[in-house]
Amino acid sequence: MPDGLRKIQRALISVSDKSGIVEFAQELQRLNIEIISTGGTAQTLRNAGLEVNDISSLTGFPEMMDGRVKTLHPRVHGGLLAIRNNPEHVAAMEAHDIKAIDMVVVNLYPFQETIKRPGVTRAEAIEQIDIGGPAMIRSAAKNADDVAVIVSTGNYQKIVAELRETGGELSLKTRRDLARDAFKHTAAYDTAVSAYLSETSDNADATTSLPDQTTFSFTKITDLRYGENPHQLAALYRTSARAGLANAEILSGKEMSFNNYIDAEAAWQLVADFKETACAIIKHTNPAGVGLGTTPAEAYQRALATDPISAFGGIVAFNRTVDLAAAQEATKIFTEVVIAPAYDSDALETFKTKKNLRVLKMSSTESTSGLEYKQISGGMLIQTKDTHQLNKEDLKVVTIRPPTDEEIDALLFAWIVSKHTKSNAIVYARKDQTVGVGAGQMSRVDSVKIGAMRAQLPVAGSVLASDAFFPFRDGLDEAAKHGITAIIQPGGSVRDDEVIAAANEHGIAMVFTGIRHFKH
(Lines give C-alpha, C1' and ligand atoms only; values in the text may rest on other atoms or scores of the structure.)
Protein backbone atom coordinates (compact mmCIF):
# COMPACT_ATOMS: atom_id res chain seq x y z
CA MET A 1 0.00 0.00 0.00
CA PRO A 2 1.34 3.52 -0.78
CA ASP A 3 2.91 5.28 2.22
CA GLY A 4 2.14 2.23 4.38
CA LEU A 5 -1.53 3.16 4.70
CA ARG A 6 -3.75 0.72 6.56
CA LYS A 7 -7.53 0.73 6.45
CA ILE A 8 -9.14 0.92 9.89
CA GLN A 9 -12.17 -1.34 9.86
CA ARG A 10 -12.48 -2.48 13.47
CA ALA A 11 -11.57 -0.59 16.68
CA LEU A 12 -11.51 -1.80 20.27
CA ILE A 13 -12.23 0.97 22.78
CA SER A 14 -11.70 0.55 26.53
CA VAL A 15 -10.92 3.74 28.43
CA SER A 16 -10.83 4.82 32.04
CA ASP A 17 -10.59 8.52 31.15
CA LYS A 18 -13.70 8.97 29.01
CA SER A 19 -13.15 12.62 28.13
CA GLY A 20 -13.66 13.09 24.39
CA ILE A 21 -14.33 9.42 23.74
CA VAL A 22 -17.95 9.84 22.62
CA GLU A 23 -17.00 12.43 20.01
CA PHE A 24 -14.09 10.30 18.84
CA ALA A 25 -16.24 7.18 18.54
CA GLN A 26 -18.88 9.14 16.64
CA GLU A 27 -16.25 10.05 14.07
CA LEU A 28 -15.20 6.40 13.79
CA GLN A 29 -18.79 5.34 13.23
CA ARG A 30 -19.25 7.97 10.50
CA LEU A 31 -16.30 6.28 8.75
CA ASN A 32 -18.08 2.90 9.07
CA ILE A 33 -15.52 1.58 11.54
CA GLU A 34 -16.91 -1.20 13.74
CA ILE A 35 -16.60 -0.49 17.46
CA ILE A 36 -15.96 -3.16 20.09
CA SER A 37 -15.95 -2.05 23.71
CA THR A 38 -15.91 -3.14 27.34
CA GLY A 39 -17.91 -2.50 30.50
CA GLY A 40 -18.43 1.14 31.41
CA THR A 41 -16.99 2.39 28.12
CA ALA A 42 -19.53 0.40 26.12
CA GLN A 43 -22.35 1.77 28.27
CA THR A 44 -21.11 5.34 27.82
CA LEU A 45 -21.03 4.95 24.06
CA ARG A 46 -24.48 3.31 23.94
CA ASN A 47 -25.94 6.09 26.06
CA ALA A 48 -24.70 8.46 23.36
CA GLY A 49 -26.59 6.49 20.72
CA LEU A 50 -23.61 4.66 19.24
CA GLU A 51 -23.72 1.09 17.98
CA VAL A 52 -21.29 -1.00 20.02
CA ASN A 53 -20.40 -4.69 20.16
CA ASP A 54 -19.53 -6.02 23.61
CA ILE A 55 -16.11 -7.62 24.06
CA SER A 56 -17.93 -10.80 25.13
CA SER A 57 -19.40 -11.14 21.63
CA LEU A 58 -15.83 -11.31 20.33
CA THR A 59 -14.33 -13.62 22.94
CA GLY A 60 -17.36 -15.79 23.70
CA PHE A 61 -16.71 -15.26 27.41
CA PRO A 62 -18.44 -12.84 29.79
CA GLU A 63 -16.49 -10.21 31.68
CA MET A 64 -15.75 -11.75 35.07
CA MET A 65 -14.04 -11.37 38.43
CA ASP A 66 -15.17 -7.76 38.89
CA GLY A 67 -13.80 -6.87 35.46
CA ARG A 68 -10.35 -8.27 36.13
CA VAL A 69 -10.77 -10.66 33.20
CA LYS A 70 -12.36 -9.40 30.01
CA THR A 71 -9.79 -8.79 27.24
CA LEU A 72 -7.18 -11.42 28.10
CA HIS A 73 -8.21 -13.76 25.29
CA PRO A 74 -6.64 -15.16 22.07
CA ARG A 75 -9.38 -13.59 19.94
CA VAL A 76 -8.35 -10.19 21.25
CA HIS A 77 -4.59 -10.58 21.15
CA GLY A 78 -4.63 -12.72 18.03
CA GLY A 79 -6.58 -9.96 16.31
CA LEU A 80 -3.95 -7.45 17.40
CA LEU A 81 -0.74 -9.42 16.93
CA ALA A 82 -1.45 -11.16 13.61
CA ILE A 83 0.82 -9.91 10.83
CA ARG A 84 -1.57 -9.21 8.02
CA ASN A 85 0.74 -10.25 5.16
CA ASN A 86 1.97 -13.41 6.89
CA PRO A 87 0.12 -16.42 5.37
CA GLU A 88 0.59 -18.56 8.49
CA HIS A 89 -0.87 -15.85 10.70
CA VAL A 90 -3.80 -15.34 8.34
CA ALA A 91 -4.45 -19.10 8.25
CA ALA A 92 -4.42 -19.26 12.07
CA MET A 93 -6.94 -16.42 12.22
CA GLU A 94 -9.25 -18.23 9.82
CA ALA A 95 -8.88 -21.57 11.64
CA HIS A 96 -9.74 -20.07 15.04
CA ASP A 97 -12.30 -17.50 13.92
CA ILE A 98 -10.11 -14.54 14.92
CA LYS A 99 -11.04 -11.18 13.43
CA ALA A 100 -8.42 -8.51 12.84
CA ILE A 101 -8.53 -5.51 15.18
CA ASP A 102 -7.05 -2.49 13.41
CA MET A 103 -7.16 0.07 16.20
CA VAL A 104 -6.98 -0.04 19.98
CA VAL A 105 -8.07 2.99 22.02
CA VAL A 106 -7.06 2.35 25.62
CA ASN A 107 -6.11 4.43 28.62
CA LEU A 108 -5.42 2.76 31.90
CA TYR A 109 -6.99 2.53 35.33
CA PRO A 110 -6.17 5.72 37.27
CA PHE A 111 -3.46 4.19 39.45
CA GLN A 112 -1.40 7.39 39.79
CA GLU A 113 -4.47 9.43 40.71
CA THR A 114 -5.63 6.80 43.20
CA ILE A 115 -2.41 6.70 45.21
CA LYS A 116 -2.41 10.50 45.49
CA ARG A 117 -5.62 10.41 47.51
CA PRO A 118 -5.07 10.92 51.25
CA GLY A 119 -5.71 7.74 53.22
CA VAL A 120 -5.89 5.41 50.23
CA THR A 121 -5.38 1.80 51.28
CA ARG A 122 -3.03 -0.66 49.66
CA ALA A 123 -6.00 -2.81 48.62
CA GLU A 124 -7.60 0.15 46.85
CA ALA A 125 -4.35 0.89 45.06
CA ILE A 126 -3.90 -2.72 43.98
CA GLU A 127 -7.36 -2.77 42.37
CA GLN A 128 -6.27 0.13 40.17
CA ILE A 129 -3.35 -1.83 38.67
CA ASP A 130 -4.50 -2.39 35.09
CA ILE A 131 -3.62 -5.75 33.52
CA GLY A 132 -5.70 -6.13 30.37
CA GLY A 133 -5.13 -2.55 29.25
CA PRO A 134 -1.31 -2.66 29.17
CA ALA A 135 -1.46 -6.09 27.51
CA MET A 136 -3.61 -4.75 24.67
CA ILE A 137 -1.47 -1.63 24.32
CA ARG A 138 1.71 -3.66 24.08
CA SER A 139 0.23 -6.13 21.60
CA ALA A 140 -1.02 -3.35 19.34
CA ALA A 141 2.19 -1.32 19.64
CA LYS A 142 4.34 -4.34 18.83
CA ASN A 143 2.33 -4.80 15.63
CA ALA A 144 2.37 -1.11 14.68
CA ASP A 145 3.00 -1.99 11.05
CA ASP A 146 -0.61 -3.18 10.95
CA VAL A 147 -2.36 -1.77 14.03
CA ALA A 148 -2.88 1.72 15.49
CA VAL A 149 -2.86 2.21 19.26
CA ILE A 150 -4.09 5.38 20.94
CA VAL A 151 -3.39 5.97 24.64
CA SER A 152 -3.77 9.76 24.89
CA THR A 153 -6.98 11.73 24.62
CA GLY A 154 -4.85 14.51 23.17
CA ASN A 155 -4.36 12.45 19.99
CA TYR A 156 -8.05 12.04 19.12
CA GLN A 157 -8.41 15.13 16.95
CA LYS A 158 -5.18 14.47 15.04
CA ILE A 159 -6.24 10.88 14.28
CA VAL A 160 -9.71 11.92 13.21
CA ALA A 161 -8.24 14.54 10.85
CA GLU A 162 -6.02 11.92 9.18
CA LEU A 163 -8.84 9.38 8.91
CA ARG A 164 -11.07 11.95 7.25
CA GLU A 165 -8.35 12.99 4.83
CA THR A 166 -7.53 9.41 3.77
CA GLY A 167 -11.01 7.94 3.85
CA GLY A 168 -10.41 5.84 6.97
CA GLU A 169 -6.71 4.97 6.67
CA LEU A 170 -3.68 5.72 8.83
CA SER A 171 -0.09 6.03 7.64
CA LEU A 172 2.78 3.87 8.80
CA LYS A 173 4.48 6.93 10.32
CA THR A 174 1.41 7.72 12.39
CA ARG A 175 1.09 4.14 13.61
CA ARG A 176 4.76 3.99 14.58
CA ASP A 177 4.57 7.35 16.34
CA LEU A 178 1.55 6.10 18.27
CA ALA A 179 3.40 2.89 19.17
CA ARG A 180 6.33 4.86 20.54
CA ASP A 181 3.98 6.91 22.72
CA ALA A 182 2.21 3.73 23.81
CA PHE A 183 5.35 2.10 25.15
CA LYS A 184 6.27 5.32 26.96
CA HIS A 185 2.80 5.23 28.51
CA THR A 186 3.03 1.66 29.77
CA ALA A 187 6.61 2.20 30.97
CA ALA A 188 5.52 5.19 33.06
CA TYR A 189 2.55 3.24 34.41
CA ASP A 190 4.68 0.26 35.42
CA THR A 191 7.22 2.58 37.00
CA ALA A 192 4.52 4.21 39.11
CA VAL A 193 3.28 0.82 40.29
CA SER A 194 6.80 -0.37 41.05
CA ALA A 195 7.59 2.81 42.99
CA TYR A 196 4.40 2.56 45.03
CA LEU A 197 4.98 -1.09 45.91
CA SER A 198 8.56 -0.29 46.89
CA GLU A 199 7.43 2.59 49.11
CA THR A 200 4.78 0.49 50.83
CA SER A 201 6.78 -2.71 51.26
CA ASP A 202 7.95 -3.89 54.66
CA ASN A 203 11.56 -2.86 53.96
CA ALA A 204 10.77 0.38 52.13
CA ASP A 205 12.74 2.65 54.49
CA ALA A 206 16.03 1.93 52.69
CA THR A 207 17.89 2.13 56.01
CA THR A 208 20.29 -0.70 55.27
CA SER A 209 20.61 -0.81 51.49
CA LEU A 210 19.55 0.84 48.26
CA PRO A 211 17.86 -1.00 45.38
CA ASP A 212 19.99 -2.93 42.88
CA GLN A 213 17.92 -1.44 40.08
CA THR A 214 15.74 1.63 39.88
CA THR A 215 13.55 3.07 37.14
CA PHE A 216 12.64 6.67 36.46
CA SER A 217 9.56 8.00 34.75
CA PHE A 218 8.79 11.68 34.37
CA THR A 219 5.78 13.31 32.76
CA LYS A 220 6.16 16.82 31.39
CA ILE A 221 3.91 19.31 33.14
CA THR A 222 5.02 22.42 31.31
CA ASP A 223 7.86 24.01 29.40
CA LEU A 224 9.71 26.72 31.28
CA ARG A 225 10.88 29.97 29.70
CA TYR A 226 14.48 28.80 30.04
CA GLY A 227 16.82 26.96 32.40
CA GLU A 228 19.35 28.40 34.81
CA ASN A 229 20.33 30.78 32.01
CA PRO A 230 18.41 32.11 28.99
CA HIS A 231 20.37 30.01 26.51
CA GLN A 232 19.30 26.73 28.20
CA LEU A 233 16.07 24.83 27.48
CA ALA A 234 14.06 23.66 30.50
CA ALA A 235 10.78 22.05 31.47
CA LEU A 236 9.06 20.87 34.65
CA TYR A 237 8.38 17.14 34.90
CA ARG A 238 6.39 15.23 37.49
CA THR A 239 7.30 11.84 38.92
CA SER A 240 4.76 9.43 40.35
CA ALA A 241 5.16 11.07 43.75
CA ARG A 242 1.94 12.11 45.43
CA ALA A 243 3.22 15.35 46.91
CA GLY A 244 6.17 17.68 46.61
CA LEU A 245 6.88 20.95 44.88
CA ALA A 246 6.11 19.63 41.39
CA ASN A 247 2.53 19.08 42.59
CA ALA A 248 2.19 22.51 44.24
CA GLU A 249 -0.73 24.64 43.13
CA ILE A 250 0.15 28.04 41.67
CA LEU A 251 -2.55 30.34 43.05
CA SER A 252 -1.35 33.62 41.60
CA GLY A 253 1.40 35.41 39.74
CA LYS A 254 3.69 34.81 36.79
CA GLU A 255 4.96 31.47 35.57
CA MET A 256 7.55 29.80 37.75
CA SER A 257 11.09 29.75 36.38
CA PHE A 258 13.69 27.00 36.62
CA ASN A 259 15.57 28.89 39.33
CA ASN A 260 12.32 29.70 41.16
CA TYR A 261 11.66 25.98 41.53
CA ILE A 262 15.19 25.27 42.75
CA ASP A 263 15.02 28.01 45.39
CA ALA A 264 11.43 27.24 46.39
CA GLU A 265 12.39 23.62 47.06
CA ALA A 266 15.23 24.75 49.32
CA ALA A 267 12.94 27.15 51.17
CA TRP A 268 10.16 24.61 51.70
CA GLN A 269 12.48 21.85 52.88
CA LEU A 270 13.97 24.24 55.45
CA VAL A 271 10.71 25.37 57.05
CA ALA A 272 9.31 21.83 56.91
CA ASP A 273 12.05 20.80 59.35
CA PHE A 274 10.62 23.04 62.10
CA LYS A 275 7.79 22.08 64.44
CA GLU A 276 7.42 25.73 65.49
CA THR A 277 5.91 28.42 63.27
CA ALA A 278 8.76 29.23 60.91
CA CYS A 279 9.61 31.45 57.97
CA ALA A 280 12.64 31.22 55.68
CA ILE A 281 13.85 33.68 53.07
CA ILE A 282 16.06 32.02 50.46
CA LYS A 283 18.46 33.45 47.89
CA HIS A 284 20.29 31.09 45.52
CA THR A 285 19.31 28.07 47.66
CA ASN A 286 20.89 29.52 50.82
CA PRO A 287 19.01 31.11 53.72
CA ALA A 288 19.20 34.89 53.80
CA GLY A 289 17.23 34.69 57.02
CA VAL A 290 15.16 32.30 59.12
CA GLY A 291 12.83 33.19 61.95
CA LEU A 292 10.47 31.55 64.43
CA GLY A 293 7.48 33.26 65.97
CA THR A 294 4.13 32.92 67.65
CA THR A 295 2.59 34.05 64.34
CA PRO A 296 3.71 33.81 60.69
CA ALA A 297 4.09 37.59 60.63
CA GLU A 298 6.44 37.54 63.60
CA ALA A 299 8.45 34.72 62.08
CA TYR A 300 8.75 36.67 58.81
CA GLN A 301 9.87 39.84 60.59
CA ARG A 302 12.63 37.94 62.35
CA ALA A 303 13.75 36.25 59.15
CA LEU A 304 13.81 39.55 57.27
CA ALA A 305 15.82 41.31 59.99
CA THR A 306 18.74 38.93 59.41
CA ASP A 307 19.56 40.41 56.01
CA PRO A 308 16.89 42.75 54.58
CA ILE A 309 19.10 43.68 51.62
CA SER A 310 19.61 40.10 50.43
CA ALA A 311 15.93 39.35 51.06
CA PHE A 312 15.01 41.59 48.11
CA GLY A 313 13.95 39.30 45.25
CA GLY A 314 14.02 36.24 47.51
CA ILE A 315 11.84 33.18 48.00
CA VAL A 316 9.71 33.20 51.16
CA ALA A 317 8.44 29.99 52.74
CA PHE A 318 6.06 29.51 55.67
CA ASN A 319 5.19 26.22 57.37
CA ARG A 320 1.83 27.51 58.61
CA THR A 321 -1.27 28.99 57.02
CA VAL A 322 -0.44 32.55 55.97
CA ASP A 323 -2.78 35.16 57.44
CA LEU A 324 -3.37 38.77 56.43
CA ALA A 325 -0.74 40.18 58.80
CA ALA A 326 1.96 37.94 57.36
CA ALA A 327 0.90 38.75 53.79
CA GLN A 328 1.07 42.47 54.51
CA GLU A 329 4.59 42.07 55.89
CA ALA A 330 5.78 39.89 53.02
CA THR A 331 4.58 42.34 50.38
CA LYS A 332 6.51 45.31 51.71
CA ILE A 333 9.55 44.36 49.61
CA PHE A 334 9.86 42.69 46.21
CA THR A 335 9.58 38.91 46.54
CA GLU A 336 9.75 36.35 43.73
CA VAL A 337 7.81 33.48 45.33
CA VAL A 338 5.78 32.79 48.45
CA ILE A 339 5.20 29.17 49.36
CA ALA A 340 3.04 27.82 52.20
CA PRO A 341 0.62 24.98 53.01
CA ALA A 342 -2.42 27.30 52.94
CA TYR A 343 -3.56 30.94 52.83
CA ASP A 344 -6.41 32.85 54.42
CA SER A 345 -8.60 34.44 51.75
CA ASP A 346 -7.65 38.02 52.64
CA ALA A 347 -3.96 37.07 52.64
CA LEU A 348 -4.30 35.60 49.16
CA GLU A 349 -6.06 38.73 47.92
CA THR A 350 -3.19 40.81 49.30
CA PHE A 351 -0.65 38.70 47.44
CA LYS A 352 -2.68 38.96 44.24
CA THR A 353 -2.18 42.73 44.22
CA LYS A 354 1.46 41.96 43.32
CA LYS A 355 1.03 40.66 39.77
CA ASN A 356 4.60 39.39 39.49
CA LEU A 357 4.55 37.52 42.82
CA ARG A 358 4.15 33.78 42.42
CA VAL A 359 2.02 32.25 45.20
CA LEU A 360 2.34 28.48 45.70
CA LYS A 361 0.24 26.20 47.86
CA MET A 362 2.05 23.06 48.98
CA SER A 363 0.42 19.71 49.63
CA SER A 364 -0.23 19.10 53.31
CA THR A 365 0.85 15.48 52.79
CA GLU A 366 4.40 16.42 51.82
CA SER A 367 6.86 13.82 53.06
CA THR A 368 10.56 14.31 53.71
CA SER A 369 11.29 10.59 53.53
CA GLY A 370 12.62 8.71 50.54
CA LEU A 371 15.59 9.01 48.25
CA GLU A 372 17.48 11.85 46.60
CA TYR A 373 18.97 11.71 43.12
CA LYS A 374 21.83 13.72 41.67
CA GLN A 375 22.74 13.30 38.05
CA ILE A 376 26.34 12.93 36.96
CA SER A 377 27.62 12.31 33.45
CA GLY A 378 26.80 8.73 32.54
CA GLY A 379 24.95 7.91 35.73
CA MET A 380 23.09 8.87 38.86
CA LEU A 381 24.04 9.22 42.50
CA ILE A 382 21.32 8.05 44.89
CA GLN A 383 21.17 8.59 48.63
CA THR A 384 18.63 8.55 51.43
CA LYS A 385 17.39 12.00 52.35
CA ASP A 386 18.95 13.77 55.31
CA THR A 387 16.00 13.50 57.67
CA HIS A 388 18.01 13.35 60.90
CA GLN A 389 16.38 15.20 63.78
CA LEU A 390 18.60 16.30 66.65
CA ASN A 391 17.24 16.30 70.19
CA LYS A 392 18.53 18.03 73.27
CA GLU A 393 19.41 14.63 74.75
CA ASP A 394 21.71 13.91 71.78
CA LEU A 395 24.08 16.77 72.61
CA LYS A 396 27.47 15.98 74.11
CA VAL A 397 28.91 18.81 76.18
CA VAL A 398 32.69 18.90 75.64
CA THR A 399 33.67 22.15 77.37
CA ILE A 400 34.06 23.15 80.99
CA ARG A 401 31.03 25.42 80.78
CA PRO A 402 27.81 23.73 79.63
CA PRO A 403 25.38 25.78 77.55
CA THR A 404 22.41 27.39 79.25
CA ASP A 405 18.87 26.31 78.38
CA GLU A 406 18.44 29.40 76.20
CA GLU A 407 21.71 28.67 74.43
CA ILE A 408 20.62 25.08 73.80
CA ASP A 409 17.42 26.33 72.15
CA ALA A 410 19.48 28.68 69.99
CA LEU A 411 21.98 25.94 69.12
CA LEU A 412 19.27 23.52 68.04
CA PHE A 413 17.67 26.24 65.91
CA ALA A 414 21.00 27.15 64.28
CA TRP A 415 21.76 23.46 63.68
CA ILE A 416 18.59 23.00 61.59
CA VAL A 417 19.43 26.08 59.53
CA SER A 418 22.99 24.85 58.96
CA LYS A 419 21.58 21.59 57.60
CA HIS A 420 19.95 23.58 54.79
CA THR A 421 22.94 25.82 54.07
CA LYS A 422 25.56 25.01 51.45
CA SER A 423 28.77 23.69 52.98
CA ASN A 424 31.03 24.97 54.35
CA ALA A 425 28.17 26.35 56.45
CA ILE A 426 28.36 28.62 59.47
CA VAL A 427 25.20 29.99 61.07
CA TYR A 428 25.08 32.66 63.78
CA ALA A 429 21.75 32.67 65.60
CA ARG A 430 19.64 33.30 68.63
CA LYS A 431 16.88 30.95 69.76
CA ASP A 432 14.33 32.25 67.26
CA GLN A 433 16.30 34.07 64.59
CA THR A 434 19.35 33.83 62.39
CA VAL A 435 21.92 36.57 62.90
CA GLY A 436 24.36 35.88 60.09
CA VAL A 437 25.03 33.12 57.54
CA GLY A 438 28.30 32.11 55.94
CA ALA A 439 27.63 29.66 53.12
CA GLY A 440 29.41 27.73 50.41
CA GLN A 441 33.00 28.78 51.13
CA MET A 442 36.04 26.67 50.35
CA SER A 443 37.46 27.45 53.80
CA ARG A 444 35.48 27.03 57.02
CA VAL A 445 37.22 29.95 58.68
CA ASP A 446 36.18 32.12 55.72
CA SER A 447 32.56 31.08 56.34
CA VAL A 448 32.98 32.17 59.97
CA LYS A 449 34.29 35.56 58.83
CA ILE A 450 31.64 36.08 56.14
CA GLY A 451 28.76 35.08 58.42
CA ALA A 452 29.81 37.72 60.94
CA MET A 453 30.61 40.29 58.26
CA ARG A 454 27.17 40.00 56.67
CA ALA A 455 25.28 40.17 59.97
CA GLN A 456 22.89 43.12 60.29
CA LEU A 457 22.00 42.20 63.86
CA PRO A 458 24.44 42.22 66.79
CA VAL A 459 26.58 39.08 66.66
CA ALA A 460 27.79 39.38 70.24
CA GLY A 461 25.77 37.10 72.47
CA SER A 462 24.66 34.81 69.66
CA VAL A 463 25.54 31.14 69.17
CA LEU A 464 27.19 29.46 66.21
CA ALA A 465 26.45 26.26 64.28
CA SER A 466 28.96 24.57 62.00
CA ASP A 467 27.67 21.86 59.64
CA ALA A 468 30.95 19.91 59.96
CA PHE A 469 33.82 19.82 62.43
CA PHE A 470 36.42 22.57 62.80
CA PRO A 471 39.64 21.16 61.30
CA PHE A 472 41.70 23.77 63.20
CA ARG A 473 41.13 26.13 66.10
CA ASP A 474 41.36 29.19 63.83
CA GLY A 475 37.63 29.06 63.03
CA LEU A 476 36.75 29.03 66.70
CA ASP A 477 39.23 31.82 67.50
CA GLU A 478 37.66 33.92 64.73
CA ALA A 479 34.17 33.30 66.10
CA ALA A 480 35.29 34.28 69.59
CA LYS A 481 36.34 37.72 68.27
CA HIS A 482 32.69 38.41 67.51
CA GLY A 483 31.44 37.54 70.99
CA ILE A 484 29.61 34.28 70.44
CA THR A 485 28.73 32.35 73.58
CA ALA A 486 28.17 28.76 72.41
CA ILE A 487 28.95 26.45 69.50
CA ILE A 488 27.32 23.35 68.06
CA GLN A 489 29.35 21.16 65.70
CA PRO A 490 29.69 17.46 64.85
CA GLY A 491 33.14 16.87 66.35
CA GLY A 492 35.38 14.15 65.00
CA SER A 493 38.44 16.14 63.96
CA VAL A 494 41.92 14.85 64.82
CA ARG A 495 42.37 18.27 66.41
CA ASP A 496 39.21 18.21 68.53
CA ASP A 497 41.32 18.60 71.68
CA GLU A 498 42.84 21.84 70.34
CA VAL A 499 39.42 23.17 69.36
CA ILE A 500 37.94 22.28 72.77
CA ALA A 501 40.87 23.94 74.49
CA ALA A 502 40.27 27.10 72.44
CA ALA A 503 36.62 27.11 73.45
CA ASN A 504 37.58 26.80 77.12
CA GLU A 505 40.10 29.61 76.77
CA HIS A 506 37.39 31.90 75.40
CA GLY A 507 34.73 30.76 77.89
CA ILE A 508 32.57 29.40 75.09
CA ALA A 509 30.23 26.46 75.71
CA MET A 510 30.47 23.81 73.01
CA VAL A 511 28.48 20.68 72.21
CA PHE A 512 29.16 17.87 69.74
CA THR A 513 26.38 16.24 67.74
CA GLY A 514 28.25 13.23 66.35
CA ILE A 515 26.60 13.82 62.96
CA ARG A 516 27.33 16.28 60.16
CA HIS A 517 25.12 17.99 57.58
CA PHE A 518 27.20 18.56 54.43
CA LYS A 519 24.99 20.01 51.69
CA HIS A 520 26.45 20.16 48.18
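Residues numbered from 1 in each chain as written. Predicted model: local features only at pLDDT ≥ 70, side-chain atom pairs only at ≥ 80, totals over all residues. Heavy atoms only, no water.

Asks: In this structure, what is going on with unusual backbone geometry? I would like to understand it.
Replies: Omega for the peptide link from Ser423 to Asn424 comes to 0°, which places this bond in the cis form. Residue Asn32 is not a glycine yet carries a positive backbone phi of 60°. Mapped onto the elements of the fold, Asn32 is located in the loop between helix 1 (21-30) and strand 3 (34-37). In this structure Asn32 comes out as exposed when scored by relative accessible area, which is 70%. At Thr285, a position not held by glycine, the phi torsion is positive, near 70°. With respect to the helices, strands and loops of the structure, Thr285 is situated in the loop between strand 11 (278-283) and strand 12 (286-292). Looking at Thr285, the relative accessible area reads 15%, which means it is buried. (Helix = DSSP H or I, 4+ residues; strand = E, 2+ residues; numbered from the N terminus. Buried < 20%, exposed > 50% of the residue type's maximum accessible area, 1.4 Å probe, protein only.)

Asks: Help me understand the sheet that holds strand 4 (residues 53-54), please; the structure alone is not making it clear to me.
Replies: Think of a sheet as strands paired side by side through backbone hydrogen bonds, with each pair either parallel or antiparallel. Reading across from one edge, 4-3-2-5-6 is the order of the five strands in this open sheet, with parallel pairing throughout. The open sheet is flanked by strand 4 and strand 6 (148-150), the only strands paired with a single partner. Taken together, the five bridges between strand 2 (residues 10-15) and strand 5 (residues 103-107) define a ladder with parallel strand orientation. Bridge assignment links Leu12 to a residue of strand 5, and that residue is Val104. Strands strand 2, strand 3, strand 5 and strand 6 of the sheet are contacted by helix 1, whose axis makes an angle of about 175° with strand 2. Against the sheet, helix 9 (residues 156-166) engages strand 2, strand 5 and strand 6, with an angle of about 170° to strand 5. (Pairing = 2+ DSSP bridges. Contact = heavy atoms within 4.5 Å. Axes fitted to C-alpha atoms, helices over the stretch in contact; angles between N-to-C directions.)

Asks: Honestly, the nonpolar core in this entry has me stumped. Any pointers?
Replies: Considering soluble globular proteins, one finds that nonpolar side chains tend to be buried as a cluster. The biggest cluster of nonpolar side chains holds 44 residues, and the ones touching the most others in it are Leu245, Phe274, Ile339 and Ile488. Looking at this core element by element, the count peaks at nine residues for helix 15 (residues 405-419). What Phe274 contacts, discounting residues up to four positions off in sequence, is Val290, Leu292, Asn319, Phe413, Ile416 and Val417. In terms of nonpolar packing, the next biggest core, distinct from the first, is built from 26 residues, Val76, Leu80, Val149 and Ala182 among them. (Core = buried A, V, L, I, M, F, W, Y, C linked by side-chain atoms within 4.5 Å.)

Limitation: the analysis is restricted to geometry and does not speak to function.
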